[in-house]
Structure formats: structure tokens, C-alpha cells
Amino acid sequence: MDAIIKTGNKAVYPIIFPSDYSGLGSINCYVYQNGEDYTLIDAGIKNEEFEQFFYQKLKDYNIEINQITRIILTHFHNDHIGVVNQITNVYPIPVYASHIAIPRLKCEDDYLQQKLTFYYELYEQYGVPEFARERMLKMENTLHNKEHVIIYPQILKLREGQEVGGLQVIAAPGHSPDSICLFDEETGWLFAGDFLLANGMTSALIDHDDSGNITNPFSQYIDSIEKMNAYNVHTVFAGHKGIYENLNEVMEKGLSKIEYKLQKVISKISEGHHTAKQLGEAIYGERFSKYFTFIISEIIGLTLLGEQRGLIVRKLRNGEWHFTIKSLIEHK
């Protein structure tokens, strides 16, 4: 049994499910106890093995499922929402998530169609539609078979600064636009979702806002990391890998990693790799096609960050983005 973390009348019961999902080693969720109040933070992945593990962990902790007061989701990804429908079908407790997450969790038709259009256009403009076929087929399948992935109970909106169950909501976009952290100021406990793991950053995934415009995930990630300096965090309960206590060090590593990756992209552009496909293959080789979704998000996000900083220039040529280093343009 994983160690229970206790302070006064508060406790955290970790549910750490060993898994090779996305190479992350585990899928984590937590029961947070505040007196007689129990909150489930995230809900794992939807499969029979996780469900059995989840209920066995509750039994090990002597927690009855009907003791759980609410469920809070840190973001909409499928490895965080697994048992929500199952629990709420029997015990209609409230479910909370960022207001940005709700159209995604509810698989609203307008959102799914907007998402499909956004990614079709995105992959065309970045010259990689042949790599994206599998992902686009999955999106189309979701649009037509959403009953398999939709979250059915009502979802209550959470916004920055709101408090629920003794936890303060901190908007922390970067990994996803709807990502939130939950902070217990008294104990210094931070439930971080996929904000930062013990070994550093998770993927900064390209997404779109409510208007269908592209978000800048690395810029968001940097802002979220810098924002977290204002909080006196003692222990971080992350969505994958281990629980850790060195958040400041991890944040510094995260910022350094972004700068390193940005310089790598700039270097490759200066060597003559001017498209997203060329950059992905130059930096990652054969892994580009194998881990396409993650790598293309990184390449697009870094070029957007470089453009924001005035380091990279993007130009559409025959409908495809081409990248040039600004200093090279200025010297021509």
C-alpha cells in the first residue's frame, strides 16, 4: 500500500496505478481528505484493470466509495477521467473541472467539429497531413461515436482563485489549455495533474481556444511555471510518476528544457531545415513518425515561441509554413 500522507485532520491517499501509458510509468489519482470531506482528484483511465486497482486501493485505505464528496478533474485527457461515469452512475456526486474543459469532456458537437477542422487545417499548413492520418481517423471516430468517451454527469465550472473542498484552483495551462492545479495553502500540498512531473515537463500540446485559434503552449507553460513561484508548495502530487517535494528545482529544469529545445530548433533552421517536417526529422529522426502527435506539437509550439520572441519568422509558401531565423533575414 502506498504511504498515506497526513497533517492534522487532512490526508492524501495516493492511487498510483503502474502503467506504460505514454511511457510515463504510472497513472495517478488521489483521494484528498479534509476532515470528514473526501475529494477524488482525477479518476484514472477507463479500463477494467484500472477499475479493479482503484476499488482495491479504496478498500485497502478503508474508504467507502460513498464517502467521496466530489470529483475534481485537473484536465480533460482520457487518462484522468476513467471512473467518473461509473462512480456518478451509482453515487450522483458533483464533478468539477475548468470551464475550458467542459466542452471537451462533454464532447459537444460544436467543439468536436471545431477540433476536427482545426487539426485538419493545422496539419495541412505545417505540411504533415500524411503523418496525421491515424490521429485524424480517431478524431472522426470520436465525433461519430462520442457515447463511448463522453462524461455524462453535470460538470461544475472551476475558475482561477475559486475554492472547493478546501482547495484553491490555480489555472496552469501549457500541457493543455484547461489544466488546473489544486492547492491546500495550510499544508502546502499541490495536486498538479500533468503540470510538472518529478522529472520535469510533460508534453506541451498544441490546442485551440474557444474561437478555434491556435494556443501557444510553451508560452502558457512558462507563464504557469512563473505563476507557481507565488505559492509556498511543500509536496507535489502529480498525475504520473512519483510524489515530490522539490518543485522549485523541477520548475527551473522545466524552464531550462524549454530554452534548450528552442535553441535546438533555431540551430536546425539555421542549418537549412525550414519546414515542420524537416525540423521534426532533423531533431528526432525515425521517432518523428512514431511519436508524431507529441513531436509535431513541440515543433509547432517552439516555432510559435520563437516567433513571439522575434527570433523566428514564419511565412506561408504554397499553403505551408516555412521558418527562417530573423537575424539571417536581416543580414541579407
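Residues numbered from 1 in each chain as written. Predicted model: local features only at pLDDT ≥ 70, side-chain atom pairs only at ≥ 80, totals over all residues. Heavy atoms only, no water.

**Here we look at the overall build of the protein chain**
Broken down by element type, the protein chain carries 11 helices and 16 strands. Scaling as 2.2 N^0.38, a compact globule of 332 residues should have a C-alpha radius of gyration of about 20 Å, and the protein chain matches this with 21 Å. Taken over 332 residues, the protein chain has a buried fraction of 54%. For the protein chain, contacts bridging at least 24 residues in sequence account for 64% of all contacts bridging at least 6. Positive and negative side-chain charges of the protein chain, numbering 31 and 43 respectively, have mean locations separated by a distance of 5 Å. (Helix = DSSP H or I, 4+ residues; strand = E, 2+ residues; numbered from the N terminus. Rg over C-alpha atoms; globule rule 2.2 N^0.38 Å. Buried < 20%, exposed > 50% of the residue type's maximum accessible area, 1.4 Å probe, protein only. Contact = heavy atoms within 4.5 Å. Lys, Arg positive; Asp, Glu negative; His and termini not counted. Charge placed at Lys NZ, Arg CZ, Asp CG, Glu CD.)

**Overview of unusual backbone geometry**
Backbone geometry places Asn-62, a non-glycine residue, at a positive phi of 60°. Mapping Asn-62 onto the fold places it in the loop between helix 1 (48-60) and strand 5 (68-72). Phi at Asn-318 takes a positive value of approximately 55°, unusual for a residue other than glycine. Tracing the sequence through the fold places Asn-318 in the loop between strand 15 (312-317) and strand 16 (320-325). Among the residues examined, Asn-318 registers a relative accessible area of 86% and is labelled exposed.

**With respect to the pairing of strand 10 (residues 180-184)**
Across the five residues that make up strand 10, a large majority, five, are buried. Burial along strand 10 is two-sided: Ile-180, Leu-182 and Asp-184 and Cys-181 and Phe-183, pointing in opposite directions, are all buried. Bridge count for strand 9 (residues 167-171) against strand 10 is four bridges, and the pairing is antiparallel. Within strand 10, the position partnered with Val-169 by the bridge is Leu-182. Both strand 10 and strand 11 (residues 189-193) contribute to a ladder of three bridges, which runs antiparallel. (Pairing = 2+ DSSP bridges.)

**Considering the sheet that holds strand 2 (residues 10-18)**
Read from one edge of the open sheet, seven strands run 1-2-3-4-5-6-7, paired in mixed fashion. Two strands in the sheet have a free side with no partner beyond their single neighbour: strand 1 (5-7) and strand 7 (155-158). Each adjacent strand pair in this sheet contributes to an overall mean axis angle of 25°, direction not counted. The pairing of strand 3 (residues 26-34) with strand 4 (residues 37-41) spans five bridges and is classified as antiparallel. Its bridge partner lying in strand 4, Asn-34 is registered against Asp-37. Running at roughly 150° to strand 2, helix 1 makes contact with strand 2, strand 3, strand 4 and strand 5 of the sheet. (Axes fitted to C-alpha atoms, helices over the stretch in contact; angles between N-to-C directions.)

**Details of helix 1**
Spanning 13 residues, helix 1 covers 18 Å between terminal C-alpha atoms, matching the ideal 18 Å at 1.5 Å per step. Of all the residues in helix 1, the buried ones are Phe-50, Glu-51, Phe-54, Lys-57 and Leu-58. Burial along helix 1 is one-sided: seen end-on, the buried residues are contained in an arc of 130°. Projecting away from the buried face of helix 1 at angles above 90 degrees are the exposed residues Glu-48, Glu-49, Gln-52 and Lys-59. Packing partners of the buried residues in helix 1 comprise strand 2, strand 3, strand 4, strand 5 and helix 2 (84-90). With a side-chain oxygen lying 3.2 Å from the backbone nitrogen of Glu-49, the N-terminal cap of helix 1 falls on Asn-47. Following helix 1 by one or two positions, Asn-62 has its phi on the positive side, about 60°. (Expected span 1.5 Å × (residues − 1). Arc of directions from axis to C-beta. Polar contact = N/O pair within 3.5 Å; in protein donor to acceptor, adjacent residues only side chain to side chain.)

**A look at the packing of aromatic side chains**
Applying the stated criterion across every chain, the model contains 20 aromatic pairs. Taken together, a centroid distance of 5.3 Å and an interplanar angle of 80° make the contact between Phe-17 and Phe-50 edge-to-face. In this pair, Phe-17 sits in strand 2 while Phe-50 sits in helix 1, placing the two residues 33 residues apart along the sequence. Like Phe-50, Phe-17 is buried. Summarising the aromatic geometry, the rings of Tyr-126 and Phe-323 are spaced 6.2 Å apart at their centres and angled 25° between planes, so their arrangement reads as stacked. You can see Tyr-126 sitting in the loop between helix 4 (109-125) and helix 5 (133-144) and its partner Phe-323 sitting in strand 16, a full 197 residues away along the chain. Judged by its relative accessible area of 1%, Tyr-126 falls in the buried class. Overall, Phe-323 belongs to the buried group, its relative accessible area being 0%. One Lys or Arg, Arg-104, reaches over the ring of Phe-76 and ends 5.5 Å from the middle of that ring. Lying across the ring of Tyr-119, Arg-135 places its NZ or CZ 4.4 Å from the centre. (Phe/Tyr/Trp six-rings, centres within 6.5 Å; stacked < 30°, edge-to-face > 60°. Lys NZ or Arg CZ within 6 Å of the ring centre and 35° of its normal.)

**Quick look at the nonpolar core**
Nonpolar side chains in soluble globular proteins tend to be buried together. Ranked by internal contacts, the top residues of the largest apolar core, which has 96 residues, are Phe-54, Leu-190, Leu-196 and Met-228. Beyond its immediate chain neighbours, meaning those up to four positions away, Leu-190 contacts Ile-170, Cys-181, Leu-182, Phe-183, Met-228, Val-233, Thr-235, Val-236, Phe-237 and Leu-247. Of all hydrophobic cores here, the second largest spans 15 residues; its members include Ile-72, Val-169, Ile-180 and Leu-182. (Core = buried A, V, L, I, M, F, W, Y, C linked by side-chain atoms within 4.5 Å.)

**Structural notes on the packing of helix 6 (residues 217-228) against helix 10 (residues 292-308)**
For any two helices packed against each other, the geometry comes down to the angle between their axes and how far apart the axes lie. Running from N to C, helix 6 and helix 10 point in directions that differ by 75°, and their axes come no closer than 7 Å. By the criterion of interaxial angle, the relationship of helix 6 to helix 10 is roughly perpendicular. Residues Pro-217, Phe-218, Ser-219 and Ile-222 of helix 6 pack against Glu-298, Gly-301, Leu-302, Leu-305 and Gln-308 of helix 10. Across the contact of helix 6 with helix 10, the residue classes break down as five nonpolar, three polar and one charged. (Parallel < 35°, antiparallel > 145°, perpendicular 65-115°, else oblique. Nonpolar A, V, L, I, M, F, W, Y, C, P; charged D, E, K, R; others polar.)

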